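Fold and geometry: a report
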Amino acid sequence: MSLEPTKIPLTVKEFDSQKVGFCAGCGCACGYILYQKEGKIVDLYGHPADPRGMGSLCTKGIAYIQEATTNPMRLKGIFMRKGDEFISVDYAQALEILKGKLSKGKTAFLLGRQAGLEDYLLARSLSEDVFVDAPIVEFMPSSLKPTDWKRAKFILSVDAEPVFSEVMATRWVVDAIEAGAYLFCLSSRYETTCAKAKDRLLLKPDSIIEFLQAILKPEKGDSKVEFVKRSLFLMRGALVLVGAHLLNSPFREAILSILAGLRKKFGVNYSFVGDLMPFPAKPMEEFFERFEEFDNLVVVGNHFRYLREDHLKALKDKFVVSFQVFPNITAHYSDMLFALSMYQERDFINYRHGFGYLVYSPKTVDAQDVYSPADVLGKALGLRVSLKDFEYYEDLETKGEVELRMEDIGSKGFSGDYYTRKGELFLYTDSTLVEDLGHWNPWTHEMERFQRAYINTHTARRIGLKDSIQIGGISFDLITTENIAEGVIFIPSEYEEFQPFDPGHRVGAFLKNPYHRYEVFL
Ligand code: SF4
């Protein structure tokens, strides 16, 4: 889909250029029009002709496109560590150093959401050791586009929070409800969509899995299980929304098996909500296990948030080159640091989400002193990766959007023979609306200033917790609430020690398995 600017400008401000792009802040890929004057952004609007965003942009999208571009804390340039300090280096010098370092030893690539597809393709052309901080899927992550969610008559939401991760997609859930759909929410914290639910159950994650398993069993379950079972049977084509974080948890196999079972037995549609990786890569868990093996790390994103203290210390024996938007913890522990060009500052294919399609967006912002990892590494190592060689490129160029060619989850052989982790008290860490980048901007940071632990009121009383809780040697202020399931402690995961306002703790500092979103606490 390609869009032109509107005939009548949406802004009343003066501008000399208007560009159309598609936000890559999440899988919704909302179309936008950016108005600029003398190279500076003067206004930003959602494109009214875009069927996904329908003229709207969320706070996160605006913060990424408009605010991060001009944020005074934004990194610009290239830096090299010298002792405890960083010094600026020029591009030619940096390429020479990179060539020398990366042509020796073993290199691991750590790619985050801001990494472009060309960065991924280049990394894969150099190494099998490409690690991502999103769950990896080998099946079609969505059987239905979000714009078609509105046709569902019954929606079962399993720990899914589109309001935080895939913001504008929430409108299609609301449209379905307004057309009479029944929304049943099953989650371990009160998700924003729960407010629209006709029924909801707050359960700890092992109980969520048991509830879902009971739906698939022929034996009679309790009244809620029987209600959902009947609804899925009678309202064929019901929709199951699943929080992508469940695939980065001890419940991965269970949830895959259950979803495949629901698809086969009731013909449900499904969508994963959240950050997913639909191309071959390795999980961060494997990176932790093989940490010692690597001499060089190429990092695009804030992956050192996941590192334990001993791993952070051991980085001094490795060469780390990283590409960052802000001077975060990963930047701090890098030997060479490049300011990263954000998705609006280069041609970008949005691929890291659970909706099963790729969206191409042309560059809309000219930024100085920021770098694309594929350009830098390609030049340093004498390689050239072109998006034109990418199997979907032709379709993307002509249509702007293309569906992934992957097998349906129902045709995958998930055995159902899985291990379900049981626990009395689970620690749940996940992002909230203020993601990693949001904490670098005062007005998005204000939405959630402090990293606190949230616990169910009865659970706190039962185990004798009042004002604070010690987790991994760190003390968190405790908030008791009915909005968390019994047996669950929730801590927002996007904080770290180097954030400029009210810094918190990186997940690597207090979780046993920082990459997992759930872990057994008691
Ligand atoms: S919903 Fe997603 S794609 Fe749309 S503006 Fe927000 S972050 Fe960007």
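Provided above is the structure to which this section pertains.
Residues numbered from 1 in each chain as written. Predicted model: local features only at pLDDT ≥ 70, side-chain atom pairs only at ≥ 80, totals over all residues. Heavy atoms only, no water.

What follows deals with the packing of aromatic side chains. All chains considered together, the criterion is met by 32 aromatic pairs. Ring centres of F154 and Y182 lie 5.9 Å apart, and the angle between their planes is 15 degrees; on these two criteria the pair is classed as stacked. Residue F154 is found in strand β8 (residues 154-158), and its partner Y182 is found in strand β9 (residues 182-187); the two are separated by 28 residues along the sequence. A residue is classified by how much of its surface remains accessible, and Y182, at 23% relative accessible area, is partly exposed. Aromatic pair F426 and Y518: ring centres 6.4 Å apart, planes at 90 degrees, arrangement edge-to-face. Of this pair, F426 sits in strand β20 (residues 426-430) while Y518 sits in strand β25 (residues 518-520), placing them 92 residues apart in sequence. Assigned by exposure class, F426 and Y518 land together as buried. A network of ring pairs unites the aromatic residues Y120, F279, Y351, F390 and Y392 as a single cluster. (Phe/Tyr/Trp six-rings, centres within 6.5 Å; stacked < 30°, edge-to-face > 60°. Helix = DSSP H or I, 4+ residues; strand = E, 2+ residues; numbered from the N terminus. Buried < 20%, exposed > 50% of the residue type's maximum accessible area, 1.4 Å probe, protein only.)

For the rest of this paragraph, the subject is the packing of helix α3 (residues 117-126) against helix α11 (residues 373-381). Contact geometry of α3 with α11 gives a least axis separation of 8 Å together with a crossing angle of 35 degrees. Of the two possible hands of crossing, α3 and α11 adopt the one that is left-handed. Residue-level contacts link E118, D119, L122 and L126 of α3 to P373, A374, L377, G378 and L381 of α11. Partitioned by chemical class, the residues of the contact of α3 with α11 number 6 nonpolar, 1 polar and 2 charged. (Axes fitted to C-alpha atoms, helices over the stretch in contact; angles between N-to-C directions. Left-handed = near helix turned anticlockwise from the far one by under 90°. Contact = heavy atoms within 4.5 Å. Nonpolar A, V, L, I, M, F, W, Y, C, P; charged D, E, K, R; others polar.)

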